[in-house]
Amino acid sequence: MADQLICQCRKRLSKGFEVEADLRIPLDRAPVTVLFGPSGSGKTTLLRMLAGLQRPGAGSIVFRERPWFDAARGIHLRPQERRAGFLFQDYALFPHLTVAENVAYAAPRETARRLLDTFGLAELAASNPRAISGGQQQRVALARALAAQPALLLLDEPLSALDAPTRSRTRYELRRMLLTGGVPSIVVTHDRMEAVALGDWMAVMVNGRIRQTGPVQEVFSQPADSQVAESVGVENVLAAEIVGRESGLLVLKVNGQVNGARIQCVDSGETGPVFACIRAEDVAITRQMDQVSSARNRLAGCVRAVIAEGPLARVELDCGFPLVALVTAQSAAEMALGEGESVSAVIKATSVHLAAHTSALESPQGER
Amino acid sequence: MDWQAIWLSVRLAGATTAILLALGLPIAYWLTFSPRRWKFLVEALVALPLVLPPTVLGFYVLLAIGPRSPLGAVYAKLTGGMLPFSFQGLLLASVLYSFPFTVQPVAAAFAGVDRKLLEASWCLGVSRAATFRRVIVPLSLPGIATGAILSFAHTLGEFGVVLMVGGNISGVTRTVSISIYDSVQALNYAAASQTSLFLLCVSFTVLALTYALQRRIWAVWPIN
């Protein structure tokens, strides 16, 4: 239990808004933790408190059994003493230094050179950081942070400064770089696809409070309350593998399914292991097994539970893997859906969103 | 032309600028980054020489460094000399008189440095002092150069304070401006006009160089 980050602290911000974070991250099980929440929920404040850039009003922060902050005992380690690398949203590269000098800013030359090579920056070594692309700047910032040999890496919306096409391409690359770096990381984001693509562990923050923590898939499929459900927005996150291509569409096999259903989706350029994200309201339920429809995916399954949620009903299906559908209470009643009944789930190919994701276990050690 | 006076003025201005840089940079850092509520009092104090008549400043400096004042007494005990009507006394007065000319441009330059760069440096394990030296100073060079040159030029042209504190001792306290005043009093208009023209040319050249220098540095490192 020693390999943990335990943060229980409070900070009152000027407009009467209070960040009250109760967070426990198992660093050994979670190489990358995503701190997820809507804008203005206090994520950045929490990250700055962890870095030592902002002092909490009360509480404590303990990293691997070492107190970083303890209001009761008057402990408040300076950022220099915590060795928590911080990646700013706009990367904050030193404009008066070259790329190589930035990376070597707080590191021996040798370490810096090795990181320049690892991150493919050797050719840019003499460039001015303002003259390189956003994606390259991000790599420089990450190399600079890792060169200082941090104990923990904190990333504040690392992809938000990039343009949209670069962002989705960089998601996968960033996770790979974080795993290569071998330093536990906490990534702040408000983008659910980023959360799925980057994280192993996830903490959801709403209105200044941590509402739920756990493995990413679990948080998505079992949100603790309606506010978490609303902010994460995707109920079905299925670990899957791309097994083929058919008339321009990708064919996925959900992990652990030998003869199970294939899911078709639009080719968005992802490769390798992926998470398929499907919102519950995009899953329709029908009793007719062979009706022709425009939806590409038709999965046979049986009803596990029907839970009324106001005018809607949340239907939990077992299609060989758990799948959640959100239908109106009226249709649930008309179809007389009950536990154990056989139905099919209908999903349009365009409703399946992919996020490439390497599991931490198969981290690319060979690429060091 | 009174070369002796010119050389004295240049020495005085050079020494004043050096001292001001050594004192002004830490004070400008404190003024820029301190969270203290009462720092506006220090800001007002630093800016005081901008509005105070030089005679008033000179009068108080004279009182403060006189042999009967604590400062004057300590100085007399340490060196055996006296501060009023000496080069050292003049230097002290000049430093006070030009203080805002160093501190204000430098503080403005410090404030222009993106705070995230400092935080990034701290999080990389680099101390505050080293961050000051390695990030803040290099990024504030145009402001520091402006402060140094303005202080130099301002000291070169000071008159009232010199008259009050230094008097008019040839080779010790007779600076360029005093020499010009002397020449005019003696109806030696030729000498006065020569020295005046010299001072005018030097001042213009120095200022023109400052602006040219800043433009170049800013073109290389745009400050946003």
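Residues numbered from 1 in each chain as written. Chains lettered and ligands numbered in written order. Predicted model: local features only at pLDDT ≥ 70, side-chain atom pairs only at ≥ 80, totals over all residues. Heavy atoms only, no water.

What follows deals with the overall build of chain A. Scanning chain A for helices and strands turns up 10 helices and 21 strands. At 23 Å, chain A has a C-alpha radius of gyration in line with the 21 Å of a compact globule built from 368 residues. The principal-axis extents of the C-alpha atoms in chain A amount to approximately 65 × 50 × 35 Å. For chain A, the residues scored as buried account for 54% of the 368 residues in total. Restricting to contacts in chain A with at least 6 residues of sequence separation, those with at least 24 account for 66%. For chain A, the exposed surface amounts to about 16000 Å²; the carbon and sulfur share of it is 47%. Charge-centre separation for chain A: the mean point of 40 positive side chains lies 6 Å from the mean point of 39 negative side chains. (Helix = DSSP H or I, 4+ residues; strand = E, 2+ residues; numbered from the N terminus. Rg over C-alpha atoms; globule rule 2.2 N^0.38 Å. Buried < 20%, exposed > 50% of the residue type's maximum accessible area, 1.4 Å probe, protein only. Contact = heavy atoms within 4.5 Å. Areas by Shrake-Rupley, 256 points an atom, 1.4 Å probe, with all protein chains shown as cover. Lys, Arg positive; Asp, Glu negative; His and termini not counted. Charge placed at Lys NZ, Arg CZ, Asp CG, Glu CD.)

Moving on to the nonpolar core. Membership of the largest hydrophobic core comes to 66 residues, with the highest contact counts inside it found for Leu 5, Leu 46, Leu 154 and Ile 186 of chain A together with Phe 110 of chain B. Phe 110 of chain B has contacts with Leu 25, Ala 28, Tyr 29, Thr 32, Phe 33, Phe 132, Ile 136, Ser 140 and Ile 144 of chain B, leaving out every residue within four places of it along the chain. Core analysis: the next-biggest nonpolar cluster, separate from the first, contains 53 residues, Leu 87, Leu 146, Val 183 and Val 237 of chain A among them. (Core = buried A, V, L, I, M, F, W, Y, C linked by side-chain atoms within 4.5 Å.)

With that settled, the discussion passes to helix α1 (residues 3-33) of chain B. The end-to-end C-alpha separation of α1 of chain B is 44 Å, in line with the 45 Å expected for 31 residues at 1.5 Å each. Largest kink in α1 of chain B: about 30 degrees, centred on Gly 24 of chain B, with the proline Pro 26 of chain B one to four residues after it. (Expected span 1.5 Å × (residues − 1). Bend = angle between axes of the 7 residues up to and from the residue.)

Turning our eyes to something else, we now look at the interface of chain B and chain A. Taken residue by residue, the interface counts 21 residues in chain B and 22 residues in chain A. Regarding the contact of chain B and chain A, the summed buried area is about 1900 Å², with carbon and sulfur atoms giving 64% of it. Our count for the chain B to chain A interface comes out at 2 salt bridges. Salt-bridge contacts for Arg 48 of chain A lead to Glu 119 of chain B; the nearest nitrogen and oxygen are separated by 2.7 Å. (Buried area = accessible area lost by both parts, 1.4 Å probe. Salt bridge = Lys/Arg side-chain N within 4 Å of Asp/Glu carboxyl O.)

With that settled, consider the packing of aromatic side chains. Residue and element names in this part refer to chain B. One pass over the full model with this rule turns up 10 aromatic pairs over all chains. Aromatic side chains Tyr 29 and Phe 132 sit 5.1 Å apart centroid to centroid with 75 degrees between the ring planes, which places their arrangement in the edge-to-face category. Of the two residues, Tyr 29 sits in helix α1 while Phe 132 sits in helix α7 (residues 128-139), which places them 103 residues apart along the sequence. Among the residues examined, Phe 132 registers a relative accessible area of 19% and is labelled buried. (Phe/Tyr/Trp six-rings, centres within 6.5 Å; stacked < 30°, edge-to-face > 60°.)

Bringing the pairing of strand β1 (residues 4-12) of chain A into the picture now. All names here are of chain A. By the bridge criterion, 9 bridges tie β1 to strand β2 (residues 18-26) in an arrangement that is antiparallel. Looking at the pairing, Arg 12 lines up with Glu 18 of β2. The hairpin turn running from β1 into β2, its antiparallel successor, is 5 residues long, and Gly 16 in that turn takes a positive phi close to 75 degrees. Bridging between β1 and strand β4 (residues 58-63) involves 6 bridges; their strand directions are antiparallel. For Cys 7, the partnering residue across the bridge sits in β4 and is Ile 61. (Pairing = 2+ DSSP bridges.)

Another point: the pattern of salt bridges. Residue and element names in this part refer to chain A. Considering all chains together, one arrives at 17 salt bridges over all chains under this definition. Of the charged contacts in the structure, one is a salt bridge between Glu 81 and Arg 78, with a shortest N-O distance of 3.8 Å. The exposure class assigned to Arg 78 is partly exposed, which follows from its relative accessible area of 43%. Because the salt bridges share partners, they merge into one network encompassing Arg 10, Arg 12 and Glu 18.

On to helix α10 (residues 176-185) of chain B. Of all the positions in α10 of chain B, only Val 176, Ser 177, Ile 178, Ser 179, Ile 180 and Ser 183 of chain B are classed as buried. After α10 of chain B finishes, the residue Leu 187 of chain B shows a positive phi value of roughly 60 degrees.

Where interface size is quoted, it is often the accessible area lost as the parts come together. Residues and elements named next belong to chain A. Per the domain assignment, the segments of chain A are domain 1 (4-83 + 151-232) and domain 2 (238-356). Once you take the C-alpha centre of each, domain 1 and domain 2 turn out to be 31 Å apart. Counting residues at the interface gives 8 residues for domain 1, matched by 11 residues for domain 2. Regarding the contact of domain 1 and domain 2, the summed buried area is about 760 Å², with carbon and sulfur atoms giving 61% of it. (Domains from an automatic or database assignment.)

On to unusual backbone geometry, then. All names here are of chain A. Phi angles above zero are rare outside glycine, and Arg 64 is one such case at about 45 degrees. Topologically, Arg 64 is positioned in the loop between β4 and β5 (66-70). Take Arg 64: its relative accessible area is 36%, and that puts it in the partly exposed class.

For the rest of this paragraph, the subject is a nonpolar patch on the surface. Taken together, the side chains of Leu 45, Leu 48, Leu 50 and Val 51 of chain B present a nonpolar region at the surface, about 400 Å² in accessible area. By relative accessible area, which is 44% here, Leu 50 of chain B ends up partly exposed. (Patch = residues over 30% accessible without salt bridge, like charges linked within 9 Å, V, L, I, M, F, W, Y side chains within 5 Å.)

Here we take up the sheet that holds strand β19 (residues 322-328) of chain A. Residues and elements named next belong to chain A. With antiparallel pairing, 5 strands are arranged side by side in an open sheet as β16-β20-β17-β18-β19. Because the sheet does not close on itself, it has two edges, and the strands there are β16 (283-286) and β19. Neighbour-to-neighbour, the strand axes of the sheet open up by a mean angle of 45 degrees, direction not taken into account. Relative to strand β20 (residues 342-347), strand β17 (residues 297-309) runs antiparallel, the two being bridged by 6 bridges. Paired with Asn 297 across the bridge in β20 is Ile 347. (Axes fitted to C-alpha atoms, helices over the stretch in contact; angles between N-to-C directions.)

Looking now at the sheet that holds strand β14 (residues 262-266) of chain A. Residue and element names in this part refer to chain A. Taken together, the 5 strands give an open sheet; going across it, the order is β14-β13-β12-β15-β21, and neighbouring strands pair in antiparallel fashion. Because the sheet does not close on itself, it has two edges, and the strands there are β14 and β21 (353-356). Neighbouring strand axes in the sheet, compared pairwise and without regard to direction, differ in orientation by 45 degrees on average. Here strand β12 (residues 236-246) runs beside strand β15 (residues 273-278); their pairing, made up of 6 bridges, is antiparallel. Counted as the bridge partner of Leu 238 is Ala 276 from β15.

All names here are of chain A. Structurally, the position occupied by Gly 59 is in strand β4. For Gly 59, a relative accessible area of 28% corresponds to the partly exposed category. When the C-alpha positions of Gly 59 and Ala 71 are compared, they lie 5.6 Å apart, and in sequence the two are 12 residues distant.

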